[in-house]
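Residue strings, one per chain:
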Amino acid sequence: CLILGGLSLALLNFGDRLGQIAGIVFGIVAIGFMLYALIQFWARADRLSKKERGVKFEDMTGALVLVAVVFLGVGINFGLRFINDRKH
């Protein structure tokens, strides 16, 4: 999330109009995943404090969704940049 947030800030500060839009989208995605990580942390801490047995603590879906969203965002940003450059 930190890298995605840093990328978002860099695009917002140094990008053109298209880069700023991508920066806003990456920023929203980064904040969303930070909130997801916080909720997961609270849920795991609750399970640990209750000493639940047989509960899995790994989260395969969160990591998969994060990677998919980042690749999708970068791909869309690259595609829009390519289309925008061809028009000019």
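It should be noted that the structure appears before, not after, this text.
None of the values given here were measured: they were computed from a predicted structure.

Conventions and cut-offs
- Residues numbered from 1 in each chain as written.
- Predicted model: local features only at pLDDT ≥ 70, side-chain atom pairs only at ≥ 80, totals over all residues.
- Heavy atoms only, no water.
- Axes fitted to C-alpha atoms, helices over the stretch in contact; angles between N-to-C directions.
- Helix = DSSP H or I, 4+ residues; strand = E, 2+ residues; numbered from the N terminus.
- Parallel < 35°, antiparallel > 145°, perpendicular 65-115°, else oblique.
- Left-handed = near helix turned anticlockwise from the far one by under 90°.
- Contact = heavy atoms within 4.5 Å.
- Nonpolar A, V, L, I, M, F, W, Y, C, P; charged D, E, K, R; others polar.
- Core = buried A, V, L, I, M, F, W, Y, C linked by side-chain atoms within 4.5 Å.
- Buried < 20%, exposed > 50% of the residue type's maximum accessible area, 1.4 Å probe, protein only.

Trainee: Quick question: what am I supposed to make of the packing of helix 1 (residues 2–14) against helix 2 (residues 17–49) here?
Mentor: Between two packed helices, the angle of one axis relative to the other and the distance separating the axes together describe the packing. At their nearest, the axes of helix 1 and helix 2 sit 7 Å apart, and the two run at 155° to each other. Comparing the axis directions of helix 1 and helix 2 gives the class roughly antiparallel. For the crossing formed where helix 1 meets helix 2, the hand is left-handed. Only G19, Q20, A22, G23, I24, F26, G27, V29 and A30 of helix 2 make contact with helix 1, whose side of the interface consists of L4, G5, L7, S8, L11 and L12. Residues that form the contact of helix 1 with helix 2 fall into these classes: nine nonpolar, six polar and no charged.

Trainee: Explain the nonpolar core here, please?
Mentor: Side chains that are nonpolar tend, in soluble globular proteins, to be buried together. Judged by nonpolar contacts, L4, L11, A22, F26, V29, A30 and F33 together constitute the single largest core of seven residues. Those elements that provide at least two residues to this core are helix 1 and helix 2. At five residues, helix 2 tops the list of elements feeding residues into this core. What F26 contacts, discounting residues up to four positions off in sequence, is L4, L7, S8, L11, G73 and V74.

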